[in-house]
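Remarks on the overall topology
Now for the letters of each chain:
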Amino acid sequence: MFFNRFLALGALLSLGAAQAVVPLPDDPACTAEDRRLIARTYELARESALKGNGGHGALLYKNGKILLEFASATQSTGDVTQHAETGLLALASRTLGLEALAGATLYTSEEPCMMCMGTVRAAGLHAFVYGTTSAQSHRVGGRPVPERWLECREVYERLGYPITIRGPLMEGDGLAVIAEHHARTQAAIK
C-alpha cells in the first residue's frame, strides 16, 4: 500500500500542473469493500489509458459480487459515448436487463460527467461510489476549472433524484493514473 502511494505521488509530481493538486481526503462514509472496488476501477482505468482511451474504469456490484466491468473505450471504438459508466450501463442493459440493475451499486474511477450522470439515472441506479473528483482530474490534466464547479451531488439534488453517493475515495491513486495518462498524451503530441 505504501509503495503504491509513493508511486502515485511520484506520478503527480512529474507534471508541473499537478504539483498544486493535493488529493482530497476520503469520504468517511466509504467502507473497506468500497476501497477494494475503487482500487479495481483504477486498474481498469490504467488499462484503458494504456490503450490510448480516456483512462477511466467502472464496475457494477450487487449482492457481494461484481456483475460487469468496463474501461473507457472512446478512442479504440471511435465512439465518444463509450465512457466507463455509459459503456458499462449500455452493456449491462443489453446483457443483464434493466431489472437486474435494481439494487446494484456503480463504482467508478472518477466522478461521472453530465452524460454519465444521465445514464446512471436512466438505468435506475440509486447508489454509486467514485474515486477521483472531476475537478481534481481537470487540474492534473492542466485543464481549466470553472470557479463554480457543478458536482454530481448537486446535479442529482437539483433533479430531485434519490441517490446515495460516496466519494472521493483513494483520490491520490486516481490522480496518479490521470497524471500518467496525461503525460503519455503530451509526449505523443510532441
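As a starting point, this report considers the structure included with it. (Residues numbered from 1 in each chain as written. Predicted model: local features only at pLDDT ≥ 70, side-chain atom pairs only at ≥ 80, totals over all residues. Heavy atoms only, no water.)

1. So, the environment of Gly141
Just so we agree on the cut-off: Working definition: helices are DSSP H or I runs of at least four residues, strands are E runs of at least two. Numbering for both runs from the N terminus. Only protein chains enter the area calculation, which uses a 1.4 Å probe; residues under 20% of their type maximum are buried, those over 50% are exposed, and those in between are partly exposed.
Mapped onto the fold, Gly141 is located in the loop between α6 (134-140) and α7 (152-159). Given the relative accessible area of 15%, Gly141 is considered buried. Separated by 41 residues in sequence, Gly141 and His182 have C-alpha atoms that sit 5.8 Å apart.

2. Remarks on the pairing of strand β2 (residues 65-71)
In plain terms, the rule: Two strands qualify as a pair provided that DSSP identifies no fewer than 2 bridges between them.
For strand β1 (residues 57-62) and β2, the ladder comprises 6 bridges, and the chain directions are antiparallel. Within β2, the residue paired with Tyr61 across the bridge is Ile66.

3. A closer look at the side chain of Glu171
The line we're drawing: Lys and Arg are tallied as positive, Asp and Glu as negative. Neither His nor the chain termini are counted. Should a side-chain nitrogen of Lys or Arg be within 4 Å of a carboxyl oxygen of Asp or Glu, the pair is scored as a salt bridge. Any pair of nitrogen or oxygen atoms within 3.5 Å is treated as a polar contact; in protein, a donor-acceptor pairing is required on top of that, and neighbouring residues in sequence qualify only through side-chain atoms on both sides. Working rule for contacts: check all heavy atoms of both residues, and any pair within 4.5 Å makes them a contact.
Structurally, Glu171 can be placed in helix α8 (residues 171-189). One buried charged residue, Glu171, remains without a salt bridge, the closest side chain of opposite sign being Arg139 at 7.5 Å. In terms of polar contacts, Glu171 uses its side chain to reach the backbone amide nitrogen of Thr133, at 2.8 Å. Contacts of Glu171, omitting those with residues within four sequence positions, involve Val22, Pro23, Leu24, Asp26, Tyr42, Gly131, Thr132, Thr133 and Gln136.

4. A word on helix α5 (residues 114-123)
The cut-off we apply is this: Of all possible arcs, the one meant is that of the directions from the helix axis to the C-beta atoms.
Those residues of α5 that sit buried are Cys116, Met117, Val120 and Ala123. Buried residues of α5 fall within an arc of 130° about the axis and therefore sit on the same side. Here the buried face of α5 lies against α4 (84-95), β3 (105-110), β4 (127-132) and α7.

5. Remarks on the packing of helix α2 (residues 32-50) against α8
Quick note on the threshold: Lines fitted to C-alpha atoms define the axes, with helix axes restricted to the stretch in contact, and inter-axis angles between N-to-C directions lie between 0 and 180 degrees. Here the angle decides the label: under 35 degrees means roughly parallel, over 145 means roughly antiparallel, 65 to 115 means roughly perpendicular, and every other value means oblique. Any residue outside Ala, Val, Leu, Ile, Met, Phe, Trp, Tyr, Cys, Pro, Asp, Glu, Lys and Arg is labelled polar, Gly included; the first ten of those are nonpolar and the last four are charged.
Where α2 meets α8, the closest approach of the two axes is 10 Å, and the angle between their N-to-C directions is 0°. By the angle between their axes, α2 is roughly parallel relative to α8. Contact residues: Tyr42, Ala45, Arg46, Ala49 and Leu50 in α2; Glu171, Asp173, Gly174, Val177, Glu180, His181 and Arg184 in α8. A class-by-class count of the residues in the contact of α2 with α8 yields 5 nonpolar, 2 polar and 5 charged.

6. Section: the packing of aromatic side chains
Our working definition: Between rings of Phe, Tyr and Trp, where Trp is taken as its six-membered ring, a pair exists when centres lie within 6.5 Å; planes separated by under 30 degrees are stacked, by over 60 edge-to-face, and by other angles tilted.
In the structure shown here, the tally under the stated rule is 4 aromatic pairs. On the basis of an interplanar angle of 90° and a centroid distance of 6.0 Å, the ring pair of Tyr61 and Tyr107 is categorised as edge-to-face. Taken together, the positions of Tyr61 in strand β1 and Tyr107 in strand β3 put the pair 46 residues apart, joining distant regions of the chain. Seen in terms of ring centroids, Tyr156 and Tyr161 are 5.7 Å apart; in terms of plane orientation they differ by 40°. Their pairing is tilted.

7. Quick word on the side chain of Thr74
Mapped onto the elements of the fold, Thr74 is located in helix α3 (residues 74-77). Take Thr74: its relative accessible area is 15%, and that puts it in the buried class. The contact partners of Thr74, leaving out residues within four places of it in the chain, are Asn53, Gly54, Asp79, Val80, Gln82 and His83.

8. Points about the packing of α4 against α5
The condition is simple: By definition, any crossing whose near helix is turned counterclockwise from its far helix by less than a right angle is left-handed, and any crossing with a clockwise turn is right-handed.
Put simply, α4 and α5 touch, their axes get as near as 8 Å, and they point 25° apart. In terms of orientation, α4 lies roughly parallel with respect to α5. Considering only the axes of α4 and α5, their crossing is left-handed. Mapping the contact onto sequence places Glu85, Thr86 and Leu89 in α4 and Met115, Cys116, Thr119, Val120 and Ala123 in α5. Residues of the contact of α4 with α5, tallied by class, amount to 5 nonpolar, 2 polar and 1 charged.

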